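Residue-level listing of the chains:
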Amino acid sequence: EGHSKRGAGIVRAILAKRGFRSKDIETIAFFFFFHLLLVKTATRRDINDEETAIFCARTIKDTERLKMLYLLSVADSIATGPMAWSEWTAVLVRDLFLKIFNILEKGELVTRKALKTVEKKKVRVLSATSTPYERQDFLALFNVMSPRYMLYTRAPDILKHVELYKSLKSDGVAWQVTKTSDSNIRNVTICAQDSPGLFSKIAGVFTLNSIDILDAQIYTWQNNVALDIFKVKPPPDPLFEDERWSRAKKHLKSAINGKLDLGTAIKERVAANRSFKPPMGQKPDQIVVDNDTSDFFTIIEVFTNDFPGLLFKVTDALYRCGLDIRIAKIATNVDQVVDIFYVRDLDGQKVDSPDQVSSIKSAITDILPTS
């Protein structure tokens with residue numbers, strides 16, 4: 001712990017003895033101190049949130065330093081090993097780099113520009129409609145879509161999501177699985193009537209079917225429709241992937257209808273999988289409740305040793321605390337997993353009172369296995 005800070009101090013002393021200019025010493029020490037900034041931010045924070053890129057831009061300050069830090073981040077991660085660098089991480093870090101670069105080049109984004117972006121997107125979506133009736137449908141849906149969804153969702157994806165939404169009436173749960181350029185990642189878009197604990201149920205169904213969540217963007221439209229977009233690792237057996245997805249969808253419908261007790265089903269699955277062994281030399285659990293980083297969300301970070309059903313149990317605990325999960329990210333921290341959640345209470349407010357923070361930490365601690 002603290003190797004970034006210690007490294008910066010060491011390099012300052014070494015370079016001063018060797019006669020480097022003070023300006024160069026500070027630049028190199030900066031890279032030591034912040035060498036994890038881009039990777040940690042990309043994997044643990046919502047990079048679509050304007051605040052995230054602005055915070056990084058204010059820290060880095062200029063484009064040349066950003067370019068060097070990006071190269072160092074890539075090299076350092078690759079040298080660390082496959083757990084620290086993958087196609088998924090590469091995409092996240094690259095996207096964050098481009099967002100920060102854009103801010104440093106053009107200045108911090110303002111609401112007026114965001115509004116223009118949304119209006120242009122609406123025009124592109126409407127231009128794809130073929131009849132006045134279809135156009136009226138889209139205009140009505142624009143009124144219930146959240147501003148955040150409109151800002152960060154591409155126009156072609158909005159068109160696909162509306163088609164998914166239209167199929168919701170006949171099926172109860174609309175589900176679409178698509179492959180990405182990374183063969184080890186799938187996009188799963190789920191459209192369903194919103195209900196308390198929906199995210200926890202989805203997490204439980206994925207656990208039941210050996211599907212690991214990497215990232216989740218959760219949108220709730222004003223007509224009480226939830227549109228949840230997950231990036232996941234595919235089921236372990238590629239030959240029977242379609243069958244596994246079909247079974248997972250049936251499990252989700254049963255869980256939503258109350259016909260499937262996920263807690264019991266996961267417990268039985270874990271009991272049958274006797275190959276799982278807890279890691280040796282476990283690091284202590286850590287639960288961080290952050291009300292400073294985001295203006296709109298409380299960010300909860302759970303550092304713990306992985307075990308089957310972890311994500312389901314944590315999200316179920318958050319649901320029982322009366323919290324609404326809006327964004328979830330799953331990362332690694334050497335030999336621990338880090339589950340990160342952007343949450344608000346059911347009134348749409350941050351949870352920042354000491355009593356609330358204490359009850360959240362207690363609820364999560366209670367579901368973690370004792371060392």
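Definitions and limits used
Along each chain, residues carry numbers from 1 onward, in the same order as the chain's sequence is written. With pLDDT at 70 or above as the cut-off, local features in this predicted model cover only qualifying residues; side-chain atom pairs require 80 or more to be listed or tallied, and sums for whole chains, interfaces and linings still use all residues. Excluded from the side-chain calculation are hydrogens and water; included are all heavy atoms of the structure. Only DSSP runs of H or I with at least four residues qualify as helices, and only runs of E with at least two residues qualify as strands; both kinds are numbered from the N terminus onward. For a compact globule the rule gives 2.2 Å times the number of residues to the power 0.38, and the radius of gyration it is set against comes from C-alpha atoms. Each residue is placed in one exposure class: buried if its accessible area under a 1.4 Å probe, protein chains only, is under 20% of its type's maximum, exposed if it is over 50%, and partly exposed if it falls in between. Note on contacts: a residue pair qualifies if any of its non-hydrogen atoms lie within 4.5 Å across the two residues. For the charge count, each Lys or Arg is scored as positive and each Asp or Glu as negative, with His and the chain ends excluded. Positions of charges follow a simple convention, taking NZ of Lys, CZ of Arg, CG of Asp or CD of Glu. pLDDT runs from 0 to 100 and stands for how confident the predictor is about each residue. A pair of Phe, Tyr and Trp rings is counted when the ring centres sit within 6.5 Å of each other, with Trp represented by its six-membered ring. The angle between the planes then sorts it: under 30 degrees is stacked, over 60 is edge-to-face, the rest tilted. By convention in these notes, a salt bridge is any Lys or Arg side-chain nitrogen within 4 Å of a carboxyl oxygen on Asp or Glu. In this analysis a 1.4 Å probe is tested at points of a 1 Å grid over the protein atoms alone, and where it fits but cannot get out there is a cavity; an open set with protein on both sides within 12 Å along at least five of seven lines is a pocket; lining residues have an atom within 4 Å of a point. Grid points are joined across faces, edges and corners, and a volume is the space filled by probe spheres set on the points. Polar here means any residue other than Ala, Val, Leu, Ile, Met, Phe, Trp, Tyr, Cys and Pro, which are nonpolar, and Asp, Glu, Lys and Arg, which are charged; Gly is therefore polar. The nonpolar core is taken to be a set of buried Ala, Val, Leu, Ile, Met, Phe, Trp, Tyr and Cys residues, with the residues joined through side-chain atoms within 4.5 Å.

*Asks:* I would appreciate a short explanation of the overall build of the protein in the present structure.
*Replies:* Helix and strand counts for the protein stand at 16 helices and eight strands. Against the compact-globule benchmark of 21 Å for 371 residues, the protein has a radius of gyration of 22 Å, which places it among compact chains. Expressed as lengths along the three principal axes of its C-alpha atoms, the size of the protein is roughly 75 × 55 × 50 Å. Within the span of the protein, comprising 371 residues, buried residues form 45% of the whole. Taking all contacts inside the protein whose residues are at least 6 apart in sequence as the whole, residues at least 24 apart take part in 67%. Looking at the protein, you have 53 positive and 46 negative side-chain charges, and the mean spots of the two groups are 3 Å apart.

*Asks:* Hey, could you run me through the environment of tyrosine 219 in this one?
*Replies:* Here tyrosine 219 is to be found in strand 3 (residues 213-220). Relative accessible area serves as the criterion here: at 4%, tyrosine 219 is assigned to the buried category. Note: C-alpha distance between tyrosine 219 and lysine 23 (196 residues apart in sequence) is 46 Å. Setting aside residues no more than four positions away along its own chain, tyrosine 219 makes contact with Ser146, Arg148, Tyr149, Tyr152, Thr153, Val225, Ala226, Leu227, Asp228, Ile229 and Arg326.

*Asks:* What's the story with the confidence of the model for the protein in this structure? I'm lost.
*Replies:* Reading fine detail from the predicted coordinates is not recommended where pLDDT is low. Here the protein averages 88 in pLDDT, and 94% of its residues register 70 or above. Within the protein, the lowest mean pLDDT, 72, falls on helix 11 (residues 168-171), and the highest, 95, falls on helix 5 (residues 63-80).

*Asks:* Just checking my understanding: could you explain the packing of aromatic side chains for this structure?
*Replies:* By convention here, two paired aromatic rings are described through the distance between centres and the angle between planes. Taken as a whole, this structure holds 14 aromatic pairs when the rule is applied. Plain terms: the ring middles of tryptophan 175 and tryptophan 245 are 6.2 Å apart, the flat faces sit at 65° to each other, and that makes the pair edge-to-face. Note that tryptophan 175 is positioned in strand 1 (residues 173-179) and tryptophan 245 in helix 13 (residues 241-256), a separation of 70 residues in sequence. Across this residue pair, the class does not change: tryptophan 175 and tryptophan 245 are buried. Here a set of aromatic residues connected by ring pairs shows up, and it is made of Trp175, Phe199, Phe206, Phe230 and Trp245.

*Asks:* Quick question: what am I supposed to make of the pattern of salt bridges here?
*Replies:* Side-chain pairs of opposite charge can arise whenever the charged atoms involved come near each other. Scanning the entire structure with this criterion turns up 14 salt bridges. In this structure, arginine 45 engages glutamate 301 in a salt bridge whose closest nitrogen and oxygen atoms are separated by 3.5 Å. With arginine 45 in the loop between helix 3 (37-44) and helix 4 (50-60) and glutamate 301 in strand 6 (residues 298-304), the pair connects residues that are 256 residues apart, well separated along the chain. Given a relative accessible area of 13%, arginine 45 falls into the buried group. With a relative accessible area of 9%, glutamate 301 lands in the buried category.

*Asks:* Sorry if this is basic, but what is going on with the layout of surface pockets here?
*Replies:* Think of a ball as big as a water molecule: rolled over the atoms, this probe shows where empty space is left. Of the voids in this model, the second largest pocket is the one considered here, and its volume is about 1,500 Å³. Taken together, 45 residues make up the lining of the second largest pocket; nearest its centre are Asn48, Asp95, Lys99, Tyr152 and Arg154. Here the element with the most residues in the lining of the second largest pocket is helix 6 (residues 87-106); it accounts for ten residues. Of the residues contributing to the lining of the second largest pocket, the split by class is 16 nonpolar, twelve polar and 17 charged.

*Asks:* Explanation requested: the nonpolar core in the structure shown.
*Replies:* A general trend in soluble globular proteins is that nonpolar side chains are found buried together. By size, the foremost hydrophobic cluster in this structure holds 50 residues, and its most contacted members are Ile190, Phe199, Phe206, Phe230, Leu318 and Phe341. Other than its neighbours up to four places away in sequence, phenylalanine 230 contacts Arg186, Asn187, Val188, Ile190, Phe199, Ile202, Phe206, Ile213, Asp215 and Ala216.

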